[in-house]
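Below are the chains, spelled out letter by letter.
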Amino acid sequence: MAEPAARSCCLGWDFSTQQVKVVAVDAELNVFYEDSVHFDRDLLEFGTQGGVHVHENGLTVTSPVLMWVKALDIILEKMKTSGFDFSQVLALSGAGQQHGSVYWKTGASQVLTSLSPNLPLHEQLQACFSISDCPVWMDSSTTAQCRQLEAAVGGAQALSCLTGSRAYERFTGNQIAKIYQQNPEAYSHTERISLVSSFAASLFLGSYSPIDYSDGSGMNLLQIQGKVWSQACLGACAPHLEEKLGSPVPSCSVVGAVSSYYVQRYGFPPGCKVVAFTGDNPASLAGMRLEEGDIAVSLGTSDTLFLWLQEPTPALEGHIFCNPVDTQHYMALLCFKNGSLMREKIRDESASRSWSEFSKALQSTEMGNGGNLGFYFDVMEITPEIVGRHRFSAENREVSAFPWDVEIRALIEGQFMAKRIHAEGLGYRVMPKTKILATGGASHNRDILQVLADVFGAPVYVIDTANSACVGSAYRAFHGLAAETDVPFSEVVKLAPNPRLAATPTPGASQLNAVERSYIEIKGLWVLILILPLPHDVTFM
């Protein structure tokens, strides 16, 4: 842990799937305190595994809302016991796991505004929720509601153009529709519906916090261009929904000061500001300090791309969200399931389970792989929905195998080419100032990063993102304090540690990329399937 705070700071919170975490960041943007409460370990009475309850049907996944409340109680008490000086906190903000929703029972607002500083929050809020176990992002039980929503607005692409994504089971609008259809009494007794992020902000405010634009983009309800709720989507999900959601606000908004509860119980200053909480992915974009034209690539079990976009092109693959640090711009999220596990499989099969041999293959084969290209999906892919291994020779024929070193380069080039093509499909374009920020396990392999730099034609940097959502929330708190004077986010975070340069494009990479990308697009039906989105009723095995 760390020394007690004796300096002005902002707090960044993260209400994630498995824990609640906090960091304190000082005016020089140094993290000097952090702590966490792990749900499975520290709150055994709630009986979660991985922070959730998986129901018997295997599709319904929920978390107890009071578990999140009690975790906040515990972490604040730990901070108090450690001697943390709450009086130095200028502002706070936070992140919540995206898509999850909280249902406040009629009368809960009165309880929130009259909290007693003599009791912990969880004891006072026990009767405040009409749904005790809240749906979270892992839930996939709303397929029927997804199809209903898409039909109501003219199809999947129409919904994507409107809200930034086609209908997804985890997205909040579809979860709300399911609750209205299957538990109408609980819905009728709900006076406010929060996202996990705005729920957490409400705990600090002592009143209902609005949903911010960025996290609101993950609901299939917000018009991402106009930044207002879509009446067509609201009407397709449930009645009286707009009044239960409240009006959305810019992500940099100061939504109020901390409740007197925190002033009296913990010693927060009465003027401590609460900046709108947002989703964990948008908060991570802030934590990584992406700028216009930048990309963050998380190379983990699954691979994830974060993109900063100026003019998005919503598609059936990926997600467009309002940008959390620039209200005029957008961010995109692309998820690829076949990430590190796929790389490890090819390593084991072709490089004797050795990363050193894997790297030697990348070093000894030429950029572009002599026209040999492969796509490897051992598990059903998300972007797009496809499974299998598909190799194409320089003669434009599908083949069953490659030499071991060609196989390795085909895997890595194919993974990154697919990412670039899908990113460009959402409106992304590499700019002269583009930086790629690489995180995750594979970001430690310089030869993999070299291929990444060559495919995108941009320098690759590595950055520590262990607490990116938390740290990004603290950065956003500082930005919220400065946003009223139109200070850009990049200016607020200029003192933060810089990422480290790891790879630059090989000379000639951009010309080869143009040839290789054209080559990909003429390699027949399989490659078209990789690039073009599929209708819901079509699968390829």
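Residues numbered from 1 in each chain as written. Predicted model: local features only at pLDDT ≥ 70, side-chain atom pairs only at ≥ 80, totals over all residues. Heavy atoms only, no water.

Asker: Can you help me understand the overall build of the chain in this one?
Answerer: Each helix and strand counted, the chain has 22 helices and 24 strands in total. The principal-axis extents of the C-alpha atoms in the chain amount to approximately 75 × 50 × 45 Å. Classification of the 541 residues of the chain by burial places 59% in the buried group. Across the chain, contacts joining residues at least 24 apart in sequence account for 72% of those joining residues at least 6 apart. If you sum the accessible surface of the chain, you get close to 20000 Å²; carbon and sulfur atoms cover 52% of it. Charged side chains in the chain number 38 positive and 55 negative. The centres of these two groups are separated by 2 Å. (Helix = DSSP H or I, 4+ residues; strand = E, 2+ residues; numbered from the N terminus. Buried < 20%, exposed > 50% of the residue type's maximum accessible area, 1.4 Å probe, protein only. Contact = heavy atoms within 4.5 Å. Areas by Shrake-Rupley, 256 points an atom, 1.4 Å probe, with all protein chains shown as cover. Lys, Arg positive; Asp, Glu negative; His and termini not counted. Charge placed at Lys NZ, Arg CZ, Asp CG, Glu CD.)

Asker: Can you help me understand the nonpolar core in this one?
Answerer: With 73 residues, the main nonpolar core has Ile 176, Leu 221, Leu 241, Leu 245, Leu 307, Leu 449 and Leu 452 as its most contacted residues. Excluding residues that lie within four positions of it along the chain, Leu 449 makes contacts with Leu 299, Ala 438, Ala 442, Ser 443, Val 460, Val 462, Ala 502 and Ala 503. Phe 32, Val 65, Phe 84 and Ala 108 belong to the second largest nonpolar core, which has 55 residues in total. (Core = buried A, V, L, I, M, F, W, Y, C linked by side-chain atoms within 4.5 Å.)

Asker: Would you take a moment to explain the confidence of the model for the chain for this structure?
Answerer: Close inspection of predicted coordinates is inappropriate in any region flagged by low pLDDT. On average, residues of the chain carry a pLDDT of 92, and 93% of them reach 70 or more. Predicted confidence for residues 1-5 stays below pLDDT 50, and this span has 14 contacts to residues more than four positions away or in other chains. (pLDDT = per-residue confidence, 0-100.)

Asker: Would you explain unusual backbone geometry in this entry?
Answerer: Backbone geometry follows two general trends: most residues other than glycine have a negative phi, and most peptide bonds adopt the trans configuration. In the segment running from Thr 383 into Pro 384, the intervening peptide bond is cis, with an omega of -5°. Relative to the helices and strands, Pro 384 is located in the loop between strand E19 (373-377) and strand E20 (388-392). The backbone of His 240 shows a phi angle near 55°, a positive value even though the residue is not glycine. Tracing the backbone shows His 240 in the loop between helix H11 (231-237) and helix H12 (241-245).

Asker: How do you make sense of helix H16 (residues 355-364) when you look at a structure like this?
Answerer: A turn of α-helix holds 3.6 residues, and therefore any two residues three or four places apart point the same way. Along H16, the positions that sit buried rather than exposed are Phe 358, Ser 359, Ala 361 and Leu 362. The arc that holds every buried residue of H16, seen down its axis, measures 155°, which confines them to one face. Set apart from the buried face of H16 by more than 90 degrees, the exposed residues are Gln 363 and Ser 364. Along its buried surface, H16 packs onto helix H15 (340-350), helix H17 (404-425) and helix H18 (446-456). Of the residues that open H16, the one with a side-chain oxygen 3.2 Å from the backbone nitrogen of Ser 356 is Ser 354. (Arc of directions from axis to C-beta. Polar contact = N/O pair within 3.5 Å; in protein donor to acceptor, adjacent residues only side chain to side chain.)

Asker: I tried to follow the side chain of Asn 372 on my own but got confused; where do I start?
Answerer: Turning to its location among the elements, Asn 372 is positioned in the loop between H16 and E19. For Asn 372, a relative accessible area of 17% translates into the label buried. One polar contact links the side chain of Asn 372 to the main-chain amide nitrogen of Ala 394, over a distance of 3.3 Å. With sequence-adjacent residues up to four places away left out, Asn 372 is seen in contact with Phe 392, Ser 393, Ala 394, Phe 402 and Val 406.

Asker: I tried to follow the UniProt feature "domain: Carbohydrate kinase FGGY C-terminal" (unreviewed entry) in the chain on my own but got confused; where do I start?
Answerer: In this structure's numbering, the residues bearing the UniProt feature "domain: Carbohydrate kinase FGGY C-terminal" (unreviewed entry) are residues 296-479. Helix makes up 36% of residues 296-479 and strand 22%, with an end-to-end C-alpha separation of 21 Å. (UniProt positions renumbered as here; feature names shortened; annotations may be inferred.)

Asker: Whenever I open this one, the UniProt feature "domain: Carbohydrate kinase FGGY N-terminal" (unreviewed entry) in the chain confuses me. Can you help?
Answerer: In the UniProt entry, the feature "domain: Carbohydrate kinase FGGY N-terminal" (unreviewed entry) is given for residues 133-287. For residues 133-287, the helix share is 49%, the strand share is 14%, and the end-to-end C-alpha distance is 30 Å.

Asker: Looking at this structure, how should I read the packing of H15 against H17?
Answerer: In a pair of packed helices, the angle between the axes and the distance between the axes together describe the arrangement. The interhelical angle for the contact between H15 and H17, taken along N-to-C directions, is 170°, at an axis separation of 10 Å. Of the possible angle classes, the one that applies to H15 and H17 is roughly antiparallel. In this structure, H15 contributes Met 342, Arg 343, Ile 346 and Ser 350 to the contact, and H17 contributes Trp 404, Glu 407, Ile 408, Leu 411, Ile 412 and Gln 415. Grouping the constituent residues of the contact of H15 with H17 by class yields six nonpolar, two polar and two charged. (Axes fitted to C-alpha atoms, helices over the stretch in contact; angles between N-to-C directions. Parallel < 35°, antiparallel > 145°, perpendicular 65-115°, else oblique. Nonpolar A, V, L, I, M, F, W, Y, C, P; charged D, E, K, R; others polar.)

Asker: Can you walk me through the sheet that holds strand E21 (residues 398-399) in this structure?
Answerer: Whenever strands of a sheet pair, they do so through backbone hydrogen bonds, lying parallel or antiparallel. Judged by pairing direction, the sheet is antiparallel, and its three strands sit side by side in the order E19-E20-E21 without closing on themselves. A strand with exactly one partner marks an edge of an open sheet, and here the two such strands are E19 and E21. Of the strand pairs in this sheet, E19 and E20 are connected by five bridges, and their pairing is antiparallel. Its bridge partner being in E20, Gly 374 is matched across the sheet by Arg 391. Here H15 sits on the sheet in contact with E19 and E20, set at roughly 65° to E20. (Pairing = 2+ DSSP bridges.)

Asker: Sorry if this is basic, but what is going on with the pairing of strand E3 (residues 31-38) here?
Answerer: For a regular strand, side chains alternate in direction, first toward one face of the sheet and then toward the other. By the bridge criterion, seven bridges tie strand E2 (residues 19-26) to E3 in an arrangement that is antiparallel. When the sheet's bridge partners are listed, Gln 19 is paired in E3 with His 38. Counting the residues between successive antiparallel strands, the hairpin from E2 to E3 contains four residues, one of them, Leu 29, with a positive phi of roughly 65°.

Asker: Help me understand the pattern of salt bridges in this model?
Answerer: It is possible for side chains bearing opposite charge to pair when their charged atoms get close. Considering all chains together, one arrives at 21 salt bridges under this definition. Note that Asp 35 and Lys 78 form a salt bridge whose closest N and O atoms lie 3.1 Å from each other. Taken together, the residues Asp 35 in strand E3 and Lys 78 in helix H2 (residues 65-82) connect sequence positions 43 residues apart. (Salt bridge = Lys/Arg side-chain N within 4 Å of Asp/Glu carboxyl O.)

Asker: Quick question: what am I supposed to make of the sheet that holds strand E16 (residues 303-309) here?
Answerer: Taken in spatial order, the seven strands line up as E17-E18-E16-E15-E22-E23-E24 in an open sheet, and their pairing is mixed. In the strand order of this sheet, the two ends are held by strand E17 (319-322) and strand E24 (500-503), each with one partner. Going across the sheet, the axis of each strand differs from the next one's by a mean of 25°, ignoring polarity. The pairing of strand E23 (residues 460-462) with E24 spans three bridges and is classified as antiparallel. Note that in E24 the partner of Tyr 461 across the bridge is Leu 501. This element, H17, spans strand E15 (295-299), E16 and strand E18 (330-336) of the sheet and lies at about 35° to E16.

Asker: When you look at the environment of Phe 129 in this model, what are you seeing that I'm missing?
Answerer: Mapped onto the elements, Phe 129 comes out in the loop between helix H4 (121-124) and strand E8 (133-135). When the C-alpha atoms of Phe 129 and His 189 are compared, they prove to be 9.2 Å apart, with 60 residues separating the residues in sequence. Beyond its immediate chain neighbours, meaning those up to four positions away, Phe 129 contacts Val 65, Leu 66, Val 69, Val 102, Tyr 103, Trp 104, Lys 105 and Phe 199.

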